[in-house]
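# Observations on the three-dimensional arrangement
Each chain, written out:
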Amino acid sequence: MKKLLAFSLVFISMLLSGCTDTTSHSQGVYMLLDSSGTYKQEVKKAQAIINYLLGTLQPGDSLAVARIDSASFSEKDIIAKMTFDRRPSVTNQQKRLFKQKVDEFVATVKGSAFTDITGGILQAVEYLNETGSGTKYVLIFSDLKEELAKSHIRDFPIQLSGCRVVALNVTKLRSDNVDPREYYKRVEAWQARVEAGGGHWRVINDLERLDTILAD
Amino acid sequence: MSLAHILNIWPHSPALSLIIALLGAVFLLYLARKPAHKAIFSLSRVIHNGFRMITRSVLIAENKVVERNKEVLLTAGERAAEQLIEREFHRVDAVVRRDMSGYPALQRVLAEQIAHIDEDYRESTELPVPPPDWVKAVETLAKLPSREDKWVANILGEIHKTAVAQYKNAMEEYRKAVAKRHALLEKMMPYWRKLSQTLDQVDKTIIGLHERTRVVDSRMTEYQEIQKKTDREAGRLRASSTTQFFISAFVLLIAIGGAVVNFNLIALPMSEMVGGGSYIGNFKTSNIAALVIILVELAMGLYLMESLRITHLFPIIGQMDDKMRTRMIWATFIILLILAGVESALAFMRDRIAADMQALRQALSSVETAQPTIRWIPTVGQMVMGFILPFALAFVAIPLESFVHSSRTVVGVVMAAVLRLIAFALRLLGNAAHYSGEFLVNIYDLLIFPALWLETLIRNKGQQTEGKDVTDIQDIIVKEEVS
């Protein structure tokens, strides 16, 4: 009788473990905010995007917001990061806290001398891989003009397999207006770099259509 | 052989090569005409016969399905009629037990009332007043001859006074006796009324019983008709079953709507219990948990209805002894009650979570909206819905049983129709195969028409030559005979 009971328990536990889904359905979003030079003015727009993300992301999802400065491959640049709790009520509290941190950053943001986008992307990939999210998004809120400090090496391929990289609000620079080919060249160069690393590239400049950010 | 080879039979002249090739083909086809016709005919016959055989099998299957349907319908109808008759008999039994069991007492009451009435009646009968003895003496004195005699007149006067006094006394006593009789008769009135009421009650009972017996008679007639297994009765039962099918399907759809509302009521708060981000397969665990709760409620409802003997989907529950059945009723009812309480609590939690989410969204969008003044109404409404829906879903067992029973016949009817359609299509294909054989033979002959034309020409010529030879021979014979 005891043997039968033990066997039944083992069988049921095997069945249950067989039913458990091993694939992760959670989403991980890492947003990079460019705070360099003239782009600093655009940070208010980024705040709206972050609020949209906070309203959209579900319990169990992860969200991190980091700034792009002269050397972005660092945890110090992360403004706020959070993996939301499984319970909706706790998630709501976490979202309130997250919003508060972002608001504080927006109020005190300072411009940086250089723009290390590659370092920020590397940091994003590292974070997203750690969260174990099923779907990974790297949102780059920048004009995509990378300016590196001397001695910083960033001209190597980046591993972005499984990541969807979305460039948001890629503004045209003064020089782009003189020669628009520069803008297209810049965007295409980033696209080529992301796709070479196994990532999926998209550009969204119309911030009225925020619902398309996490659409695919 | 490719087309290039064919066109190169006669070098540098493709048209000629093609004509040669066609003539060769026609010649070959002409040579193979009879075997080819036989092959085409045999192939079409094989296909035709094959289809015919399949059609016959399908029709046999259709007949079996129709027979089975009829059997199922009649059995179900017979069972239903039996149950109805049984119920009517139970009602008659209840009436007899309730009313007829009181008949000895009723009879005693009636006898007592009649005895009372009889006694009162006897007492109230009018007794004739005995004629006074002195009447004869008065008559004798009245016949005396000397009426003018003073003494006699005095005596008569005295007698008259006495008679008047006597008369008054007698009348007084008579009136008293009459008044007493009237009082007695008045006392009889309530007894009469009571007797009348008792008899009215008996009359009502008898009329009720009479009506029940008429219902039993009509049910018995139906039952006998079903037992005769006539097509008319099967048709009537089929129509009834189809109606039941659609009605129960409609009610089930309503119940599904209720289940969906119930699901939405508890799915969100379930994520607070089992986690909003966990999945089983492609489905959220919280959704599955909510669905399981609803299904458990449905199952409990089914068991409750079975235990109450309202439905008969599980014979094992119906066959339980009454004690066990009562225990089961209580157990399922308590589980349903607990689940209703849980759902009510979840509905409350849902309201709170939804309000919190709403507040968060407002904070994120930086839009200040006015708070609703009466917040408790939707909360209470959701809680009441959460409590009532499990009990409402429990009653799904009734249309479900009806749907299951009626779907047997409806599915049978549909299956028979499909089989008939298949048989028709197969027969059509068989006939098409048969006539396409003839058509192919005609096409074959059309392809080799030059050869056939030549054949006919040669044959006609031969026949003419033979005819001419025969005429010459006949002429010679005639000439020889003449000579």
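Residues numbered from 1 in each chain as written. Chains lettered and ligands numbered in written order. Predicted model: local features only at pLDDT ≥ 70, side-chain atom pairs only at ≥ 80, totals over all residues. Heavy atoms only, no water.

## Thoughts on the pattern of salt bridges
Applying the stated criterion to the full structure yields 21 salt bridges over all chains. Of the charged contacts in the structure, one is a salt bridge between R154(A) and D116(A), with a shortest N-O distance of 2.8 Å. Here D116(A) lies in the loop between α3 (88-108) and α4 (117-131) and R154(A) lies in the loop between β4 (135-141) and β5 (163-168), a separation of 38 residues in the sequence. Overall, the relative accessible area of 14% leaves R154(A) in the buried class. Residue classification places D116(A) among the buried residues on the basis of a relative accessible area of 0%. One salt bridge connects E222(B) with R219(B), and the closest N-O pair in it is separated by 3.8 Å. You can see E222(B) and its partner R219(B) sitting in helix α6 (residues 150-227), three residues apart, about one turn around the helix. On the basis of relative accessible area, R219(B) is assigned to the partly exposed category, the value being 22%. If you follow the salt bridges from partner to partner, you end up with R87(B), E88(B), R91(B) and R212(B) in one network. (Salt bridge = Lys/Arg side-chain N within 4 Å of Asp/Glu carboxyl O. Helix = DSSP H or I, 4+ residues; strand = E, 2+ residues; numbered from the N terminus. Buried < 20%, exposed > 50% of the residue type's maximum accessible area, 1.4 Å probe, protein only.)

## Section: the interface of chain A and chain B
Opposite the 16 residues of chain A that make contact, chain B presents 18 residues. With both sides pooled, the region where chain A packs onto chain B buries about 1500 Å², and carbon together with sulfur makes up 53% of that total. Taken together, chain A and chain B are joined by one salt bridge. Ionic pairing is found between D356(B) and R96(A), a salt bridge with its closest N-O pair at 3.0 Å. Secondary structure elements with two or more residues in the side of chain A that touches chain B: α2 (43-56) and α3 of chain A. (Contact = heavy atoms within 4.5 Å. Buried area = accessible area lost by both parts, 1.4 Å probe.)

## Some details on the sheet that holds strand β3 (residues 78-83) of chain A
Residue and element names in this part refer to chain A. One open sheet holds the six strands; their spatial order is β3-β2-β1-β4-β5-β6, and the pairing between them is mixed. Edge strands, defined here as strands with exactly one partner in the open sheet, are β3 and β6 (200-204). The average angle at which neighbouring strand axes cross in this sheet is 15 degrees, direction not considered. Contacting β1 (27-34), β2 (62-68), β4 and β5, α2 crosses the sheet at an angle of about 170 degrees to β1. (Pairing = 2+ DSSP bridges. Axes fitted to C-alpha atoms, helices over the stretch in contact; angles between N-to-C directions.)

## Here's the deal with helix α4 (residues 103-123) of chain B
Residues and elements named next belong to chain B. Its 21 residues place the ends of α4 30 Å apart at the C-alpha level, agreeing with the 30 Å of an ideal helix rising 1.5 Å per residue. Every buried residue of α4 is listed here: L106, L110, Q113, I117 and D120. All buried residues of α4 project into a common sector of 95 degrees when viewed along the axis, lining one side. Exposed and facing more than 90 degrees away from the buried side of α4 are P104, Q107, R108 and R122. Contact partners of the buried residues in α4: α6. (Expected span 1.5 Å × (residues − 1). Arc of directions from axis to C-beta.)

## Considering the layout of surface pockets
All names here are of chain B. Space inside the largest pocket adds up to approximately 960 Å³. For the largest pocket, the lining is made up of 26 residues, of which A76, G77, A80, Q83 and H405 are closest to its centre. Those elements that place two or more of their residues in the lining of the largest pocket are α3 (33-99), α6, α7 (231-274) and α12 (397-447). Broken down by element, the lining of the largest pocket gets its largest block of residues, eleven residues, from α3. Among the residues making up the lining of the largest pocket, the classes are represented as nine nonpolar, eleven polar and six charged. (1 Å grid on protein atoms, 1.4 Å probe; cavity = no way out; pocket = protein on both sides within 12 Å on 5 of 7 lines; lining within 4 Å. Points joined across faces, edges and corners; volume = space filled by probe spheres on them. Nonpolar A, V, L, I, M, F, W, Y, C, P; charged D, E, K, R; others polar.)

## Notes on the nonpolar core
Judged by nonpolar contacts, the single largest core of 34 residues is most densely connected at M31(A), L33(A), I49(A), F98(A), L139(A), F141(A) and L168(A). Contributing elements (two or more residues each) for this core: β1, α2, β2, β3, α3, β4 and β5 of chain A together with α10 (322-365) of chain B. When residues of this core are assigned to their parent elements, the largest contribution, six residues, is made by α2(A). Setting aside residues up to four positions removed in sequence, M31(A) forms contacts with A46(A), I49(A), I50(A), L53(A), A64(A), V65(A), A66(A), L139(A), F141(A) and L168(A). Counting residues in each nonpolar core, the second largest holds 26 residues, with A124(A), V138(A), I140(A) and I158(A) among its members. (Core = buried A, V, L, I, M, F, W, Y, C linked by side-chain atoms within 4.5 Å.)

## Quick look at the packing of α3(B) against α7(B)
Residue and element names in this part refer to chain B. In the contact formed by α3 and α7, the axes pass within 9 Å of each other and the chain directions differ by 80 degrees. Looking at the two axes, α3 sits roughly perpendicular to α7. Of the residues in α7, those touching α3 at K70, L73, L74 and G77 are D231, A234, L237, R238 and S241. (Parallel < 35°, antiparallel > 145°, perpendicular 65-115°, else oblique.)

## Some points on the packing of α6(B) against α7(B)
Residue and element names in this part refer to chain B. Close contact between α6 and α7 brings their axes to 8 Å; oriented N to C, the two are set at 110 degrees. What the angle tells us is that α6 and α7 run roughly perpendicular. The crossing of α6 and α7 is left-handed. Contacts from E222, E225 and I226 in α6 reach R232, E233, R236 and L237 in α7. (Left-handed = near helix turned anticlockwise from the far one by under 90°.)

## Some thoughts on the pairing of β1(A)
The side chains of a regular strand alternate between the sheet's two faces. Residues and elements named next belong to chain A. Of all the eight residues making up β1, eight are buried; the element is thus mostly covered by neighbouring parts of the structure. The alternating pattern of β1 places Q27, V29, M31 and L33 on one face and G28, Y30, L32 and D34 on the opposite face, and all of these are buried. For β1 and β4, the ladder comprises seven bridges, and the chain directions are parallel. The residue bridging M31 from the neighbouring strand is L139, located in β4. Both β1 and β2 contribute to a ladder of seven bridges, which runs parallel. Across the sheet, the residue bridging to L33 is R67, located in β2.

## Section: unusual backbone geometry
Of note, the phi angle at N169(A) is positive, near 50 degrees, even though the residue is not glycine. Even without a glycine there, the phi angle at R309(B) is positive, about 60 degrees. Of note, R309(B) is situated in the loop between α8 (285-307) and α9 (315-318). Relative accessible area serves as the criterion here: at 38%, R309(B) is assigned to the partly exposed category.

## Overview of α3(A)
Residue and element names in this part refer to chain A. Compared with an ideal rise of 1.5 Å per residue, which puts 21 residues at 30 Å, α3 spans 31 Å between its outermost C-alpha atoms and is within 8% of the ideal. Every buried residue of α3 is accounted for by P88, T91, N92, Q94, K95, F98, K99, V102, F105 and V106. The arc enclosing the buried residues of α3, seen along the axis, measures out at 160 degrees, which places them on a common side. Turned more than 90 degrees off the buried face of α3, the exposed positions are A107 and T108.

## Some remarks on the environment of E62(B)
Residue and element names in this part refer to chain B. Mapping E62 onto the fold places it in helix α3. With relative accessibility at 7%, the residue E62 sits in the buried group. Placed 357 residues apart in sequence, E62 and L419 show a C-alpha to C-alpha distance of 5.7 Å. Those residues within four positions of E62 in sequence are excluded, and the remaining contacts are A416, L419 and R420. Reaching out from E62, the side chain makes a polar contact with the side chain of R420 at a distance of 2.8 Å. (Polar contact = N/O pair within 3.5 Å; in protein donor to acceptor, adjacent residues only side chain to side chain.)

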